[in-house]
Amino acid sequence: MARKLIRRATLEDMPILLEIYERARNFMISTGNINQWKNGYPSRDLLAEDIKKNEMYVLEDEDGIQASFVFYCGIDPCYNIIYDGEWLNDEPYGVIHRIATRGLKKHMADIIFEYCSSKIDNIRMDTHMDNKPMQNFMLKHGFKHVGTIYLKNGESRLAFHCNLKEN
């Protein structure tokens, strides 16, 4: 089995992070999701902010960094109000955002989920309505679609919740 390591990202990782997110934007477009990560989102500044908050992680193996994601345990202000549904519970939760891979190896997102779920068994995520690959990933891992949330910029996202104690 190949060595896999998840660690906090550093500013020195920025060139590969920018490459990973550029690839992810192109992948989204190729799967019909042209509206989610527009205009260079996530920006270098946002990634640097995630790194400084110790919330950005990378998954690396013997061939280098293969994927990146944001993970933290705590309140996501965008999740305080949910429409057309409700969260599965009000217990403390982890949040996973911006999973992206280099696209060179399979199952990177599975490894990311395994890592996050080893830290907390109550996880929330959201995604764009056009992001079918991410929706399928979440459903495969026991997430339930629980409603709609709105980002700070006013855009809607499908809200998903996984409580591993219940699965």
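Residues numbered from 1 in each chain as written. Predicted model: local features only at pLDDT ≥ 70, side-chain atom pairs only at ≥ 80, totals over all residues. Heavy atoms only, no water.

Peer 1: What is the right way to read the overall build of the protein from this model?
Peer 2: The helix and strand tally for the protein stands at 4 helices and 7 strands. Starting at the N terminus and ending at the C terminus, the protein contains elements arranged as β-α-α-β-β-β-α-β-α-β-β. By the burial criterion, 49% of the 167 residues in the protein qualify as buried. Sequence separation of at least 24 residues holds for 70% of the intrachain contacts in the protein that already meet a minimum separation of 6. (Helix = DSSP H or I, 4+ residues; strand = E, 2+ residues; numbered from the N terminus. Buried < 20%, exposed > 50% of the residue type's maximum accessible area, 1.4 Å probe, protein only. Contact = heavy atoms within 4.5 Å.)

Peer 1: Any chance you could explain the nonpolar core here in plain terms?
Peer 2: Within soluble globular proteins, side chains that are nonpolar tend to cluster in buried spots. Counting residues in hydrophobic clusters, the biggest one holds 27 residues, and the most contacted among them are L17, M56, Y79, W87 and I149. Of all the elements in the fold, those that place two or more residues in this core are helix 1 (14-30), helix 2 (44-52), strand 2 (56-61), strand 3 (64-73), strand 4 (94-101) and strand 6 (144-150). Ranked by the residues each element gives to this core, the list is headed by helix 1, at 7 residues. Sequence-distant contacts of L17, defined by excluding residues within four places in its chain, comprise A9, L47, I51, M56, V58 and S68. Among the nonpolar cores identified, the runner-up in size contains 23 residues, and A67, F71, I112 and F137 belong to it. (Core = buried A, V, L, I, M, F, W, Y, C linked by side-chain atoms within 4.5 Å.)

Peer 1: Mind showing me how you'd approach the packing of aromatic side chains here?
Peer 2: The geometry of an aromatic ring pair is captured by two quantities: the separation of the ring centres and the angle between the planes. In total, this model carries 11 aromatic pairs according to the counting rule given. Relative to Y41, the ring of W37 lies with its centre 6.1 Å away and its plane at 55°, an arrangement referred to as tilted. Ring geometry for Y57 versus F69: centroids 5.4 Å apart, planes at 15°, classification stacked. With Y57 in strand 2 and F69 in strand 3, the pair connects residues that are 12 residues apart, well separated along the chain. The exposure class assigned to Y57 is buried, which follows from its relative accessible area of 7%. Within the aromatic cluster, the residues linked to one another by ring pairs are Y57, F69, F71 and Y115. (Phe/Tyr/Trp six-rings, centres within 6.5 Å; stacked < 30°, edge-to-face > 60°.)

Peer 1: I tried to follow the layout of surface pockets on my own but got confused; where do I start?
Peer 2: A water-sized probe rolled over the atoms picks out the places where empty space is left. Taken as a whole, the largest pocket encloses approximately 1400 Å³ of empty space. The wall of the largest pocket is formed by 46 residues, among which Q36, W37, H97, R98 and I99 lie closest to the centre. Elements that contribute at least two residues to the lining of the largest pocket include exactly helix 1, helix 2, strand 3, strand 4, helix 3 (108-119), strand 5 (122-127) and helix 4 (132-140). Classifying every residue of the lining of the largest pocket by side-chain character gives 21 nonpolar, 9 polar and 16 charged. (1 Å grid on protein atoms, 1.4 Å probe; cavity = no way out; pocket = protein on both sides within 12 Å on 5 of 7 lines; lining within 4 Å. Points joined across faces, edges and corners; volume = space filled by probe spheres on them. Nonpolar A, V, L, I, M, F, W, Y, C, P; charged D, E, K, R; others polar.)

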